Amino acid sequence: MEPLRGDETTVGETTVVARGCRLERAPVRAFLETDARPRFYWAAGTESIAARGSAATVTADGESRFADVRTAVEALFEGCSVPDDLPSAARPRLFGGFAFHNGDHDGASPWTGFPSAAFFLPEVQVTVRDEDAWLTTAATGPDAAAEAAALLDDWRDRLDTLSGRESPGPPGITRRERTPTQAGWRDQVGAALESVARGDLQKVVLAQSLRVALASDLSVPDVMERLSRTYPDCYRFMLSPEAGGTFFGATPERLVSVRGRTVRTEALAGSTGRGDTPAEDEWLAAELLDSEKDRHEQKLVADAIRDQLGPFATTVRIGDRTVRRLATVQHLRTSITAELGTDEHVLSLVEALHPTPAVGGLPPDAALRTIRETEAFDRGWYAAPIGWVDAAGNGTFAVGIRSAVATDREATLFAGAGIVEDSDPDREWDEVQLKYRPILDELE
Ligand SMILES: C=C(O[C@@H]1C=C(C(=O)O)C=C[C@H]1O)C(=O)O
């Protein structure tokens, strides 16, 4: 098939040209296993995207990182030429995310190579939506058009013959190191409960980390394929920046998506396990829906999101509280939809919403301070926005929970729990162990 062509545009010094064509076959795992940096994978609903190489990279640091990324992304897309007949799914997007904390993210192990914010326009992108697949390439500089076309020819041929290795399966675990220990956790939760009792805090989400040594090499693309079967309704993501490890996960939580003037988000908080039988499942779900502590914890999140959306929205609708049932855990959830008063870039909403009290706490500043003072590890990109943005300022960002960062023969998993009045440290400990399951099950 003939590649779709667009005119070249030059803005300042930068010319960005994208090319695209349909694909007969899209061997996504094999494509992701080809050695390249950066790499990105994203799957949500019936769409999955795999991307490698960078035609342009945007990074930012410090307090203004959200606005700085937005400005750079807008400038990049302004200078980007895209064939008119490329369907929306295959049009260029920037993929990336942010570190959880503003400011002093130092990128120490295991987060080496993960800046405070990093986005890239892929050199090569494979998009699958329902039954259709496309290849998109992009290049910059004076020869951008020729380079994008050459990449398209090259990768169309390579994808035709590329086949994945046999799935190696989970690598196995030889050693585990928990931070904190259960005794340490009791102390941390106890101190947080005292702050709640004093009225300094309403809620704080404290996290733990679990560092595991792996018995054999880990293929994250292989993990992604398995997670798509176990967690088909979650956002499955993987990002390897230019250098360092690979951050990956299967999160049930959407931070925000923007399509035109419609904003969708959710309040997800309050957790329980899965039962061994359907009856036990129902019983646990009913108990969760009935739990005053969990309803309070979830309502704090819904109310805070409504307030955070207030300045942008003409209407905010909060749905009924339901139970979100996943393979290993159940949560309380309400969907939240808002209509914007004016056009807004998705990154403005990401900035306004992150971190929601589902992963931070209330009041936000006191909760973030408590998190920094309590947790003896860097959250890095855990519980932070990860997703994509397009030329129109639309995009979707998930909350990077149920996740881990893999470096060589190690992986570090993260999981947290909301501490509110009446939280019990040992129950919260058990809840955190449940939240490790999605990733741990793929490693053990
Ligand atoms: C913080 C995590 O999950 C969040 C905390 C929840 C809770 O405290 O009940 C529930 C869902 C998530 O919003 C995590 O999975 O690490």
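Residues numbered from 1 in each chain as written. Predicted model: local features only at pLDDT ≥ 70, side-chain atom pairs only at ≥ 80, totals over all residues.

### Quick look at the overall build of the protein
Next up, step 1: Counting secondary structure elements, the protein contains 10 helices and 21 strands.
Next up, step 2: Its C-alpha radius of gyration of 22 Å places the protein within 12% of the 22 Å reference for a compact globule of 444 residues.
Next up, step 3: Residue burial in the protein is summarised as follows: out of 444 residues, 50% are buried.
Next up, step 4: Across the protein, the fraction of contacts at a sequence separation of at least 24, relative to all contacts at a separation of at least 6, is 76%. (Helix = DSSP H or I, 4+ residues; strand = E, 2+ residues; numbered from the N terminus. Rg over C-alpha atoms; globule rule 2.2 N^0.38 Å. Buried ≥ 20, exposed ≤ 12 C-beta atoms within 10 Å, placed from the backbone. Contact = placed C-beta atoms within 7 Å.)

### Considerations on the UniProt feature "domain: Chorismate-utilising enzyme C-terminal" (unreviewed entry) in the protein
Next up, step 1: According to UniProt, the "domain: Chorismate-utilising enzyme C-terminal" (unreviewed entry) feature falls on residues 182-435.
Next up, step 2: Each end of residues 182-435 is marked by a C-alpha atom, and these two atoms are 16 Å apart; helix forms 35% of the span and strand 36%. (UniProt positions renumbered as here; feature names shortened; annotations may be inferred.)

### Re the site of the ligand
Next up, step 1: Surveying the vicinity of the ligand reveals 17 residues, the closest of which are Ser 271, Ala 358, Ile 401, Gly 416 and Gly 418.
Next up, step 2: Tallied by class, residues from the shell around the ligand come to 9 nonpolar, 5 polar and 3 charged. (Near = placed C-beta within 6 Å. Nonpolar A, V, L, I, M, F, W, Y, C, P; charged D, E, K, R; others polar.)

### What to know about the packing of helix H4 (residues 182-198) against helix H10 (residues 425-443)
Relative orientation and spacing of two packed helices are given, respectively, by the angle between their axes and the distance between those axes.
Next up, step 1: Viewed as axis vectors pointing N to C, H4 and H10 meet at an angle of 120°, and their least axial separation amounts to 9 Å. By the angle between their directions, the pair H4 and H10 is classed as oblique. Of the two elements, H4 crosses H10, and the hand of that crossing is right-handed. On H10, the residues touching Gln 182, Trp 185, Arg 186, Val 189 and Gly 190 of H4 are Pro 425, Glu 428 and Trp 429.
Next up, step 2: Across the contact of H4 with H10, the residue classes tally to 4 nonpolar, 2 polar and 2 charged. (Axes fitted to C-alpha atoms, helices over the stretch in contact; angles between N-to-C directions. Parallel < 35°, antiparallel > 145°, perpendicular 65-115°, else oblique. Left-handed = near helix turned anticlockwise from the far one by under 90°.)

### Points about the domain arrangement of the protein
Next up, step 1: Here the domain parsing of the protein yields domain 1 (16-161) and domain 2 (173-221 + 252-443).
Next up, step 2: Facing the 24 residues of domain 1 at the interface are 28 residues of domain 2.
Next up, step 3: Of all the elements in the fold, those that place two or more residues in the side of domain 1 that touches domain 2 are helix H1 (28-33), strand S2 (39-44), helix H2 (65-78) and strand S5 (93-98).
Next up, step 4: Partitioned by chemical class, the residues of the side of domain 1 that touches domain 2 number 17 nonpolar, 2 polar and 5 charged. (Domains from an automatic or database assignment.)

### Considering helix H5 (residues 220-230)
Next up, step 1: Among all positions in H5, only Val 220, Pro 221, Asp 222, Val 223, Met 224 and Leu 227 are buried.
Next up, step 2: Tucked into the core, H5 has its buried residues touching H1, S2, strand S10 (235-240), strand S11 (246-251), strand S20 (403-407) and H10.

### Observations concerning the pairing of strand S1 (residues 16-22)
Next up, step 1: With respect to burial, S1 is a largely interior element, 5 of its 7 residues being buried.
Next up, step 2: When S1 meets strand S4 (residues 80-81), the two strands line up parallel, connected through 2 bridges. Across the sheet, the residue bridging to Val 17 is Ser 81, located in S4.
Next up, step 3: Taken together, the 7 bridges between S1 and strand S7 (residues 132-140) define a ladder with antiparallel strand orientation. By the bridge assignment, Cys 21 is partnered in S7 with Leu 135. (Pairing = 2+ DSSP bridges.)

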